[in-house]
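Fold and contact review
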Amino acid sequence: MKIGGKTIVALAWAAFLAVVIGCGGSSPEGGSTATTATTATTATTATTATTATTATTATTATTATTATTATTATTATTATTATTATTAGSLPHNTVLYTVSDGTVNFLKSINPDGSGDTALASYTADTTAAVAPNPTKTNEFAFASIDTTGPTAMLYKGNSALNPATSTLLTPTVFTAIDDIQFTPDGAFIIFKADTGLGYKMYRIAVTGGSEVVLDDVFEMAVSPVAGSHLIAYSKPLATTSEIYTIDYTTATTTPVTNLGLDVYFPTWSRDGGTILFSYSSSPGVLNPDFYKVTYPAGVVTQVTNTPNEVETFGFYNEDKSKIAAILFDGGGSLNLVTMDADGTDSVNLVTNNSLGPICYWTDSNGRRTRINIPHWQFGAKRRIR
């Protein structure tokens, strides 16, 4: 296939589910329990004996008991227990999230870094939902793209986890041919999404309350910064014959080039501290065999991380302290694999081998913060040129 003046071998990867959760440095989503214990005791003896005792404890339930006994001694006892608990549906801590499909249903799954505890967390119908992202500041509020397969068309909605357009709010009246990626900003004020109206993919910003979307730039892949207040998106920006990593301020649309490598870059992702962008890059012209590279931000110093000639490495994601990377690899034997490796690309450990794996993964924080998880509609290598 001839794209942008170069020949690229296309490998189709199906569209999978998107769910956000932790990256983006959003607010903690773990459960919160308030416990207060107060005990007051007063004893007074008159005639034979009179004792009054009051105990109050705050825990997770409320129980009221009153008992009075009159004999030679009268005892009055009152015990009260009150509970306040708030749970916001936290993610598993320090696990790798990934997606897999059975052809009809997309599954979001969690697995421990040692390969244990492989568990399904959620599932959505592949034919009707293109991308999903939870609001990092609210419980059970999701942005999602609903697909009309007769079009095909996609429209952006906000609703609960049922992802039902009939009971959700339409955020923009614009009808897109595809919506492939949805991400909330860390403060939950905006939704950044990648969509196509038939003229190529662009990056859009829309208020969480809906309204008119704002076009930010042409885009291949993108990642909203996890650092609150930075207002930055790292993205693969289409140029005349290549793509490079840029950042854009989603409030001002100010763009800044980050790399100048002269060949296509893929799948930029942020480290939690916002100081490093990890991405895939093929250093040989005409060869679709990307390795992982990293670039410091804002300094722009590029370093190669892996050098594996027989593997296609995509969507690398750092763990919390940047000591490990989780990634999806396409190996020389024709298999898709979910792996972890050290931050320098060594000591790769295979967690899952399944040719229905989605092209993304996400390593949760140690405290289970939420961020985005998305499943882009991704034609590997076949990047559509806008110009």
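Above this text is the structure in question.
Since the model is a prediction, treat every value here as computed from it, not as a measurement.

Structural notes on the environment of phenylalanine 315
- Its location among the elements puts phenylalanine 315 in strand 28 (residues 312–318).
- For phenylalanine 315, a relative accessible area of 4% gives the class buried.
- Along the primary structure phenylalanine 315 and isoleucine 325 are separated by 10 residues, whereas in three dimensions their C-alpha atoms are 9.7 Å apart.

A word on the environment of aspartate 218
- Inspection of the secondary structure assignment puts aspartate 218 in strand 19 (residues 214–218).
- Under the relative-accessibility criterion, aspartate 218 is labelled buried at 8%.
- A polar contact of 2.5 Å, which involves the side chain of aspartate 218, links it to the side chain of lysine 202.

Quick notes on the environment of alanine 154
- Residue position: alanine 154 is located in strand 14 (residues 153–159).
- The class for alanine 154 is buried, based on a relative accessible area of 2%.
- With 20 residues separating them along the chain, alanine 154 and threonine 174 place their C-alpha atoms 9.1 Å apart.
- Among residues more than four places away in sequence, those in contact with alanine 154 are Ser146, Thr174, Val175, Phe176, Thr177, Ala178 and Ile179.

Description of the sheet that holds strand 10 (residues 105–111)
- Here we have four strands laid out as an open sheet, ordered 11-10-9-32, and antiparallel in their pairing. Every other strand in the sheet has two partners, leaving strand 11 (119–125) and strand 32 (357–363) as the edge strands with one partner each. The average angle at which neighbouring strand axes cross in this sheet is 20°, direction not considered.
- The pairing of strand 9 (residues 96–101) with strand 10 spans six bridges and is antiparallel. Bridge assignment links threonine 99 to a residue of strand 10, and that residue is leucine 108.

Here is what the cut-offs are and how they apply
- Residues numbered from 1 in each chain as written.
- Predicted model: local features only at pLDDT ≥ 70, side-chain atom pairs only at ≥ 80, totals over all residues.
- Heavy atoms only, no water.
- Helix = DSSP H or I, 4+ residues; strand = E, 2+ residues; numbered from the N terminus.
- Buried < 20%, exposed > 50% of the residue type's maximum accessible area, 1.4 Å probe, protein only.
- Polar contact = N/O pair within 3.5 Å; in protein donor to acceptor, adjacent residues only side chain to side chain.
- Contact = heavy atoms within 4.5 Å.
- Pairing = 2+ DSSP bridges.
- Axes fitted to C-alpha atoms, helices over the stretch in contact; angles between N-to-C directions.

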